[in-house]
Amino acid sequence: MIDLSCDYNVGCAPELMAALAAANGTQHATYGFDACSARAKEKIRAAVGNADADVFFLVGGTQTNATVLAAILRPWEGVISAASGHIAVHESGAVEATGHKVLTLEADEFGRLAPGTLRAYLRSFYADPTYTHMAQPGAVYLSHPTELGGLYTAAMLREIRALCDEYGLRLFLDGARLAYALASPETDVDLPLLGGLCDVFYIGGTKCGALCGEAVVFREKQPHFFPAHKQRGALLAKGFLLGVQFDALFTDDLYLRLGKRGAESAAALREGLRALGVPFSPESASNQQFPVLTAEQLEKLREKISFEIWQSYPDGSALVRLCTSWRTTADDVAAVLEALK
């Protein structure tokens, strides 16, 4: 059985396992103050083009989203998110559990928070004479790719940045699947752009070839984030385990090469499904593909492929998610297409 239900169902890329094995017999400084983490941080600063960036390593995406937002928001502030955003739907209320409301806005068909939607909300919010009695917007949360595989354009991000500056908001971008977004042939967004526009974003490792780990990148020094993530149990005592992995990921462009594998597999899958006349909803440019399959196709696919159903329809058809990753092979893609012929 080939599992395309998600992109984090195997261990890690061989290069990272080798690096972990090499580091295993050596003593390391704790809590991220080790030499491997220091090297990784320097490599990430170089990759984002910001020597002043502050970099921290956390374990997973939900932990990172909740910890970062709790640290950057004031007690009376909430965070603006697309209604389909991960923090609004699939994190069991983790952000709300920190005491901050998720302020949801309608997304476009690709799950993106459109600049026009954000502008209209902010104008309406501050035009209300009772707005001081409401949870105040303090940050904007984006994910790239989105939950529906959508990619923000550089123009969209610049426009959202301008709105954040106008209204005094922090911009936070969830990059759990960032490697696949950066590798998409349809994107004009790169790490230096994110490093320049976002107050904070993270480089996803868990879904992009690492055993675990996310690299949080602040545009400016953050002297209070160390105690903030320590307080929330998000500081790994054996921090070198994360530093070793990101040191490897940012050596010889491994992170981008792993992302390219997943992106190329997704493109091959998309083209093959198109050739079979399979519709999409939406048609994604990321490693997540959303075909609409008939009841007969679903039964055929279940015999060989594990996948997620996102929406079932009365006629027995369904919108499904097929998720490629750095480990997806040409044979995996061929097995999907063969099952649906």
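Located above this text is the structure these notes cover.
Residues numbered from 1 in each chain as written. Predicted model: local features only at pLDDT ≥ 70, side-chain atom pairs only at ≥ 80, totals over all residues. Heavy atoms only, no water.

Undergrad: An account of the overall build of the chain is needed here, citing residue identities and associated values.
TA: Scanning the chain for helices and strands turns up 14 helices and 13 strands. Compactness check: the chain gives a C-alpha radius of gyration of 20 Å against a globular reference of 20 Å for 341 residues, within 12% of the reference. Taking the principal axes of its C-alpha atoms as reference, the chain extends roughly 60 × 55 × 35 Å. Buried positions account for 55% of the 341 residues belonging to the chain. Looking at the chain alone, contacts between residues at least 24 apart form 72% of all its contacts between residues at least 6 apart. Across the chain, the centroid of the 30 positively charged side chains sits 4 Å from that of the 39 negatively charged ones. (Helix = DSSP H or I, 4+ residues; strand = E, 2+ residues; numbered from the N terminus. Rg over C-alpha atoms; globule rule 2.2 N^0.38 Å. Buried < 20%, exposed > 50% of the residue type's maximum accessible area, 1.4 Å probe, protein only. Contact = heavy atoms within 4.5 Å. Lys, Arg positive; Asp, Glu negative; His and termini not counted. Charge placed at Lys NZ, Arg CZ, Asp CG, Glu CD.)

Undergrad: Lay out unusual backbone geometry in plain terms, naming residues and giving numbers.
TA: Following His144, the chain continues into Pro145 via a peptide bond in cis, with omega recorded as 0°. In this fold, Pro145 is placed in the loop between β5 (136-143) and α7 (154-167). Residue Pro282 follows Ser281 across a cis peptide bond; omega there is -5°. Looking at the element boundaries, Pro282 is found in the loop between α12 (254-275) and β9 (288-289).

Undergrad: Which residues make up the layout of surface pockets, and what values do they have?
TA: A water-sized probe rolled over the atoms picks out the places where empty space is left. Roughly 350 Å³ of volume is contained in the largest pocket. Around the largest pocket, the lining comprises 25 residues; the ones closest to its centre are Tyr8, His86, Glu147, Arg177 and Lys207. Among the residues making up the lining of the largest pocket, the classes are represented as six nonpolar, 11 polar and eight charged. (1 Å grid on protein atoms, 1.4 Å probe; cavity = no way out; pocket = protein on both sides within 12 Å on 5 of 7 lines; lining within 4 Å. Points joined across faces, edges and corners; volume = space filled by probe spheres on them. Nonpolar A, V, L, I, M, F, W, Y, C, P; charged D, E, K, R; others polar.)

Undergrad: Please set out the packing of helix α13 (residues 295-302) against helix α14 (residues 330-340) residue by residue, giving values where relevant.
TA: Where α13 contacts α14, the two axes come as close as 8 Å, and the packing angle between them is 135°. Judged on the interaxial angle alone, α14 and α13 are oblique. Here α13 and α14 pass one another in a crossing that is right-handed. Facing Gln297, Lys300 and Leu301 of α13, the residues of α14 in contact are Val336, Ala339 and Leu340. (Axes fitted to C-alpha atoms, helices over the stretch in contact; angles between N-to-C directions. Parallel < 35°, antiparallel > 145°, perpendicular 65-115°, else oblique. Left-handed = near helix turned anticlockwise from the far one by under 90°.)

Undergrad: So what's going on with empty space enclosed by the protein? Which residues, and what values?
TA: Scanning the model with the defined rule gives two cavities of 30 Å³ or more in all. In this structure, the largest cavity occupies an estimated 60 Å³ of space. Lining the largest cavity, in full, are Ser81, Ala82, Ser84, Gly85, Gly111, Tyr141, Leu142, Ser143, Thr146, Glu147 and Tyr152. Contributing elements (two or more residues each) for the lining of the largest cavity: β3 (77-82) and β5. In terms of residue count, β5 provides more of the lining of the largest cavity than any other element does, three residues in total. Looking at the lining of the largest cavity residue by residue, the classes come out as four nonpolar, six polar and one charged. Its boundaries defined by the atoms lining it, the second largest cavity holds a volume of some 40 Å³. In terms of lining, the second largest cavity is formed by Ser184, Pro185, Glu186, Ala263, Ala266, Ala267, Arg270, Ala285, Ser286 and Asn287. For the lining of the second largest cavity, the per-class residue count stands at five nonpolar, three polar and two charged.

Undergrad: Before we move on, can you summarise the pattern of salt bridges with the specific residues and values?
TA: According to the stated counting rule, one finds 19 salt bridges in the structure shown. Measuring nitrogen to oxygen at the nearest pair gives 2.8 Å for the salt bridge that ties Glu77 to Arg74. Since its relative accessible area comes to 6%, Glu77 is described here as buried. For Arg74, a relative accessible area of 42% gives the class partly exposed. Of the charged contacts, one joins Glu159 and Arg119 as a salt bridge, the two residues approaching to 2.5 Å between their closest N and O atoms. Here Glu159, found in helix α7, pairs with Arg119, found in helix α6 (residues 115-127); they are 40 residues apart in sequence, far enough to count as distant. Overall, the relative accessible area of 23% leaves Arg119 in the partly exposed class. Beyond isolated ion pairs, a larger network of salt bridges with shared partners links Arg161, Asp165, Asp199 and Arg219. (Salt bridge = Lys/Arg side-chain N within 4 Å of Asp/Glu carboxyl O.)

Undergrad: Outline the sheet that holds strand β8 (residues 214-218), listing residues and values.
TA: If you walk across this open sheet you meet the seven strands as β2-β8-β7-β6-β5-β3-β4, and the pairing is mixed. Both outer strands of the open sheet, β2 (54-58) and β4 (102-105), are each paired with one neighbouring strand and no more. The sheet shows a mean angle of 25° between the axes of neighbouring strands, taken without regard to direction. Taken together, the five bridges between β5 and strand β6 (residues 170-174) define a ladder with parallel strand orientation. Looking at the pairing, Val140 lines up with Leu171 of β6. Helix-sheet contacts for α7 involve β5 and β6, and the interaxial angle to β6 is about 145°. (Pairing = 2+ DSSP bridges.)

Treat this as a map of the structure, not an account of what it does.
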